[in-house]
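Residues per chain are reported as follows:
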Amino acid sequence: MKEPTQETTWEQYFADAKKLVQDTDGDGKTDSWAVGTYFTKDPLTPTIWQTVLNSNGGRLLDENTKVAFNDANGVKALQTQVDMLKYAPPGASTYQFNEPLEAFRQGKTATMFMWGSVYKGTAVDKDTTTLTPDEVGITTMPAGTAGPGAHRGIWSAGISKRSEHPAAAWTWLQWVTSKEGEKFTAKAFGTFPARTSTLDGTPPDAWAKPVYQALKDGYKVVSENEMWRPRLPESDAVQQVLALQTSRAMSGQATAQQAIEQAAKEITELLKSKGYPQ
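A brief report on the enclosed structure follows. (Residues numbered from 1 in each chain as written. Predicted model: local features only at pLDDT ≥ 70, side-chain atom pairs only at ≥ 80, totals over all residues. Heavy atoms only, no water.)

## Some points on a nonpolar patch on the surface
Test applied: Surface patches are drawn from residues lacking salt bridges whose relative accessible area is over 30%; two like charges belong together within 9 Å, two nonpolar side chains (Val, Leu, Ile, Met, Phe, Trp, Tyr) within 5 Å. Computed by Shrake-Rupley with a 1.4 Å probe, the accessible areas treat only the displayed protein chains as cover when residues are assessed. Here a salt bridge means any side-chain nitrogen of Lys or Arg lying within 4 Å of a carboxyl oxygen belonging to Asp or Glu. The numbering of helices and of strands both runs from the N terminus, where a helix is a DSSP run of H or I of at least 4 residues and a strand a run of E of at least 2.
Together, Trp172, Trp175, Phe184 and Phe189 line one region of the surface with nonpolar side chains, adding up to about 470 Å² of accessible area. Elements supplying a minimum of two residues to the nonpolar patch: helix H6 (166–176) and helix H7 (179–189).

## Describing the pairing of strand S3 (residues 141–144)
Quick note on the threshold: The rule for pairing is simple: two strands pair if DSSP sees at least two bridges between them.
Pairing analysis gives two bridges linking S3 to strand S4 (residues 147–149), with the strands arranged antiparallel. By the bridge assignment, Met141 is partnered in S4 with Gly149. Between S3 and the antiparallel strand that follows it, S4, lie two residues.

## Structural notes on the packing of aromatic side chains
What counts, and what does not: When two rings of Phe, Tyr or Trp (its six-membered ring) have centres within 6.5 Å they constitute a pair, described as stacked for plane angles under 30 degrees, edge-to-face for angles over 60, and tilted for the intermediate range. Between buried and exposed lies partly exposed: a residue is buried under 20% and exposed over 50% of the maximum accessible area for its type, with that area taken using a 1.4 Å probe on protein chains only.
Applying the stated criterion across every chain, the model contains 10 aromatic pairs. Between Trp10 and Tyr13 the ring centres are 5.7 Å apart and the planes differ by 80°, which places this aromatic pair in the edge-to-face class. Residue Trp10 and its partner Tyr13 are located together in helix H1 (residues 10–20), separated by three residues, close to a single helical turn. Each member of the pair Trp10 and Tyr13 is classed as buried.

## Details of helix H3 (residues 72–84)
Note on helix geometry: an α-helix contains 3.6 residues per turn, so any two residues three or four positions apart are oriented the same way. To keep it simple, the criterion reads: The length a helix should cover is 1.5 Å for every residue beyond the first. Two residues qualify as a contact provided that any one of their heavy atoms is within 4.5 Å of a heavy atom in the partner residue. We define a polar contact as two N or O atoms separated by no more than 3.5 Å, with the added condition that, inside protein, one atom must be a possible hydrogen donor and the other a possible acceptor, whereas residues neighbouring each other in sequence contribute only through side-chain atom pairs.
The end-to-end C-alpha distance of H3 is 19 Å, a good match for the 18 Å that 13 residues give at a rise of 1.5 Å each. Where burial is concerned, most of H3 is hidden: 10 out of the 13 residues are buried. Of the residues making up H3, those classed as buried are Asn73, Gly74, Val75, Ala77, Leu78, Thr80, Gln81, Val82, Asp83 and Met84. Each element contacted by the buried residues of H3 is listed here: H1, strand S1 (33–36), helix H2 (46–55), helix H10 (235–251) and helix H11 (256–273). Two or three places before Asn73, at the opening of H3, Asp71 has a side-chain oxygen 3.1 Å from that residue's backbone nitrogen.

## Some details on the environment of Phe69
Take Phe69: it is sitting in the loop between H2 and H3. Between the C-alpha atoms of Phe69 and Asn225, which are 156 residues apart in sequence, the distance is 15 Å.

## Section: the nonpolar core
Definition in use: Only buried Ala, Val, Leu, Ile, Met, Phe, Trp, Tyr and Cys residues count toward a nonpolar core, and they belong to the same one when joined by side-chain atoms within 4.5 Å.
By size, the foremost hydrophobic cluster in this structure holds 43 residues, and its most contacted members are Trp49, Phe69 and Ile267. Of all the elements in the fold, those that place two or more residues in this core are H1, S1, H2, H3, H10 and H11. It is H11 that contributes the most residues to this core, eight residues altogether. With residues near it in sequence (within four places) discarded, Trp49 still touches Leu60, Phe69, Gly74, Ala77, Leu78, Gln81, Leu242, Thr246 and Ile260.

## Some words on the pattern of salt bridges
Within this structure, the stated rule accounts for five salt bridges. For Glu102, the salt bridge is made with Arg105, and the minimal N-O distance between the two is 3.0 Å. Of the two residues, Glu102 and Arg105 both sit in helix H4 (residues 98–105), three residues apart, roughly one turn of that helix. The class of Glu102 is partly exposed, set by a relative accessible area of 37%. With relative accessibility at 18%, the residue Arg105 sits in the buried group. Here Asp200 ties to Lys216 by a salt bridge, and the two come within 3.3 Å at their closest N and O atoms. One end of the pair, Asp200, is in helix H8 (residues 196–200); the other, Lys216, is in helix H9 (residues 208–225), with 16 residues separating them in the sequence.

## Notes on the packing of H3 against H11
Helices that pack against each other are described as a pair by the angle of their axes relative to one another and the distance between those axes. Put simply, the test is: Think of each axis as a best-fit line through the C-alpha atoms, taken over the contacting stretch in the case of a helix, with angles from 0 to 180 degrees between the N-to-C directions. If an angle is under 35 degrees, it is roughly parallel; if it is over 145, roughly antiparallel; if it lies from 65 to 115, roughly perpendicular; otherwise it is oblique. By the definition used in this description, the sense in which the near helix is turned from the far one sets the handedness, with an anticlockwise turn below a right angle giving left-handed and a clockwise turn giving right-handed. Three classes are used: nonpolar for Ala, Val, Leu, Ile, Met, Phe, Trp, Tyr, Cys and Pro, charged for Asp, Glu, Lys and Arg, and polar for all others, with Gly counted as polar.
At their nearest, the axes of H3 and H11 sit 9 Å apart, and the two run at 120° to each other. As far as their axial angle goes, H11 and H3 are oblique. For H3 against H11, the interelement crossing comes out right-handed. Contacts between H3 and H11 involve Gly74, Val75, Leu78 and Gln79 on the former and, on the latter, Ala256, Gln257, Ala259 and Ile260. Within the contact of H3 with H11, the residues separate by chemical class into five nonpolar, three polar and no charged.

Structure follows, in structure tokens:
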């Protein structure tokens, strides 16, 4: 079985997933599965099927802030995430952030859809994992009709208004987001560089080289296909609606189509109440 690349399609991924649900110790019981990721209600859970949606050319909202995911493409994308549960460990429908990480580190799952910033703690840091960079690869999510999938998180920095040392805090923020600071935090913590110049430069350690390449591949895809979350003050509220409806589909309380339709209805009402034309 070949290691996935950014050319690997969802069809190829699921064909391999069937083979990765297996009994590895010969006792007649399945003890290894194909995948772990976010499944239960969490603001980050919808980012998985949103990435599938984007890789097939879809968007959450169009240029006029109208819902654009309430179609066959949106239903297919959500169903793709639901279908992962067929190849996930028992109880995976309750997975959030920690559970898929632990399952992967313990060898219970062969693949994991997760933020790239966890690579260091999953494949490098001996205090948190027994895996090594030789055993863990990293790439973009499987490809759709418009190209590979890619999603990422981003750290937001701020200074509390109650801070007793705001000037010192601001000085630290300036340094930590500088070229030098990015190199330090990437090496020490495995966090994503925000500067393309940092990604194009020499990685802080050998393990970071494939991580940086995956990030660059992802950035290219995100930019070309406009794979953004809603760029609105109401973005978090939109994500909360999607989290609830996504979890209903994952738990079997609703079909993918029902969940998509309800999410579209609620988001349309939300945006209309905020003055966006619908």
